[in-house]
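Inside the fold
Here are the chains, one letter per residue:
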Amino acid sequence: MWWNNSRKIQFQYVAYDSNKLGTYVCKYIVLSERAYKSILAETFAHGESETGGILLGHFVNGVWYIIECIDPGLVAKHSSVTFEYDENYVNHQKEVISRLYNYPLTILGIWHRHPGSMDSFSPTDLSSIDIHVSRARAGILSMLVNVDPSLRMTFYYCGKDNTLMKVPYDVGDDLIIKDIILLADDGKIQENTGARRIVNTLHQNKLPARSMPLHVHQDPIPAIREALSLKYAPVPYSNNNPHQFGVEIPPGSHFQ
Ligand SMILES: [Zn+2]
């Protein structure tokens, strides 16, 4: 992100040990499997270019839980040394994703890829961090991905007192408090969207078990393979078209 900020920004890197007295509200970070894999996929999809995304979740008793990551959007700008996300897209996605959860998710921070082994922040990064921290109640996370050549993540907690502290992290859905990783039930979904009236939802299309295409104890893999085979897929997978697994939605559809 590029900001013209005339204010001199002073950040101080502090050791994790300085958190002994619980001065900082972030002691540990846990990523859901989905959030972790989203970061890997986004990184690998951009080769050597920088990319990044938005971290969504909750913090409870000093543990920051990253439940989902938002990609930077179609009109994000990527180069080998800079990256800028599409603000409109990420803010829209934040609403769309967070309302699916029992406890709607909040923005915890941002991650981005860095070239080579650079795992500290550029002056431009600090400028963005300064703006984000000033608007966040409890500071933010800013994470850097390096591929040098193994992929590694460095999480920093950026505090309201302009300190930057590396914080250890772990990955695993089983390490996350159940309530915050649970998807909302049908009523809660409506509440999350601000619906004035909660309606019942009907499930009328359930087939009796015996007429389902797959028996309960049947191995699903052969059936899935068959469904993905040429027989059903209108456009076959090919090397010329590596991202085409099926059909794309054509433009110009109208509904009334
Ligand atoms: Zn950077």
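Analysis parameters
Residue positions are counted from 1 within each chain, in the order its sequence is given. Local features in this predicted model are restricted to residues of pLDDT 70 or higher, and side-chain atom pairs are both shown and tallied only at a pLDDT of 80 or more, whereas totals for entire chains, interfaces and linings draw on every residue. Helix and strand labels come from DSSP, where a helix needs a run of H or I of at least four residues and a strand needs a run of E of at least two; each type is numbered from the N terminus. With C-beta atoms placed from the backbone, a residue is labelled by how many other C-beta atoms lie within 10 Å of its own: buried for 20 or more, exposed for 12 or fewer, partly exposed between the two. A residue pair is marked as a contact if its C-beta atoms, positioned from the backbone, fall within 7 Å. By definition, two strands form a pair when at least two bridges between them are found by DSSP. Axis definition: a line fitted to C-alpha atoms, limited for helices to the stretch in contact. Angles are taken between N-to-C directions and run from 0 to 180 degrees. In this scheme, a helix's expected span is set at 1.5 Å multiplied by one less than its residue total. The directions considered for the arc run from the helix axis to the C-beta atoms. Values of pLDDT, which run from 0 to 100, indicate the predictor's confidence residue by residue. In these notes, a nonpolar core means any group of buried Ala, Val, Leu, Ile, Met, Phe, Trp, Tyr and Cys residues linked to one another through C-beta atoms within 7 Å.

**Describing the overall build of the protein chain**
Each helix and strand counted, the protein chain has six helices and eleven strands in total. A burial count over the protein chain gives 24% of its 256 residues as buried. Pairs at least 24 apart in sequence give 66% of the contacts found in the protein chain among residues at least 6 apart.

**Looking at the sheet that holds strand E1 (residues 12-14)**
If you trace the nine strands from one edge of the open sheet to the other, you get E1-E10-E9-E8-E7-E3-E4-E2-E11, paired in mixed fashion. Taken across any chain shown, the strands that pair with only one partner, and hence form the sheet edges, are E1 and strand E11 (169-171). Across the sheet, the mean angle from the axis of one strand to that of its neighbour is 30°, orientation sign disregarded. Pairing of strand E2 (residues 28-31) with strand E4 (residues 63-70) involves four bridges; the strand directions are parallel. Within the sheet, the bridge partner assigned to Val30 lies in E4 and is Tyr65.

**Quick word on helix H3 (residues 123-135)**
Because each turn of an α-helix spans 3.6 residues, side chains separated by three or four positions in sequence point in the same direction. Helix length check: H3, at 13 residues, gives a terminal C-alpha distance of 19 Å against a target of 18 Å (1.5 Å per residue), a fit within 8%. All of the buried residues along H3 are Leu126, Ser128, Ile129 and Val133. Viewed end-on, H3 has its buried residues packed into an arc of 160°, placing them on one side of the element. Counted as exposed and oriented over 90 degrees from the buried face of H3: Pro123, Ser134 and Arg135. For H3, the elements touching its buried residues are strand E8 (140-147) and strand E9 (151-158).

**Remarks on the pairing of strand E3 (residues 52-60)**
For E3, the buried fraction is high: eight of the nine residues fall into the buried class. Bridging between E3 and strand E7 (residues 106-113) involves six bridges; their strand directions are antiparallel. Looking at E7, one finds that Gly52 is bridged to His112. Summarising the sheet, E3 and E4 pair through seven bridges and their orientation is antiparallel. Residue pairing in the sheet places Leu56 in a bridge with Glu68 of E4. The hairpin turn running from E3 into E4, its antiparallel successor, is two residues long, and Asn61 in that turn takes a positive phi close to 50°.

**A closer look at the environment of Met143**
With respect to the element layout, Met143 can be found in strand E8. C-beta crowding within 10 Å serves as the criterion here: with 26 such atoms nearby, Met143 is assigned to the buried category. Beyond its immediate sequence surroundings of up to four residues, Met143 is in contact with Gly109, Trp111, Met153, Thr154, Phe155 and Tyr156.

**Looking at the confidence of the model for the protein chain**
On average, residues of the protein chain carry a pLDDT of 85, and 79% of them reach 70 or more. For residues 242-246, every residue scores under 50 in pLDDT, and the model assigns this stretch six contacts once sequence neighbours within four places are set aside.

**Details of the nonpolar core**
Ranked by size, the top nonpolar core spans 38 residues in total, and within it Leu55, Trp64, Ile66 and Leu141 carry the most contacts. At the level of secondary structure, the elements contributing two or more residues to this core comprise E2, helix H1 (33-45), E3, E4, E7, H3, E8 and E9. Excluding residues that lie within four positions of it along the chain, Ile66 makes contacts with Ile29, Leu31, Ser32, Ala35, Leu55, Gly57 and Leu108.

**As for the environment of Val145**
As for its position among the elements, Val145 is in strand E8. On a C-alpha basis, the gap between Val145 and His112 in space is 6.1 Å, while along the polypeptide they are 33 residues apart. When sequence neighbours within four positions are dropped, the list of residues in contact with Val145 reads Ile39, Thr43, Trp111, Arg113, His114, Leu151 and Met153.

**Comments concerning unusual backbone geometry**
Geometrically, the link from Asp148 to Pro149 is a cis peptide bond, its omega value of -5° lying close to zero. Along the polypeptide, Pro149 turns up in the loop between E8 and E9. Unlike most non-glycine residues, Asn61 shows phi in positive territory, near 50°. Positionally, Asn61 belongs in the loop between E3 and E4.

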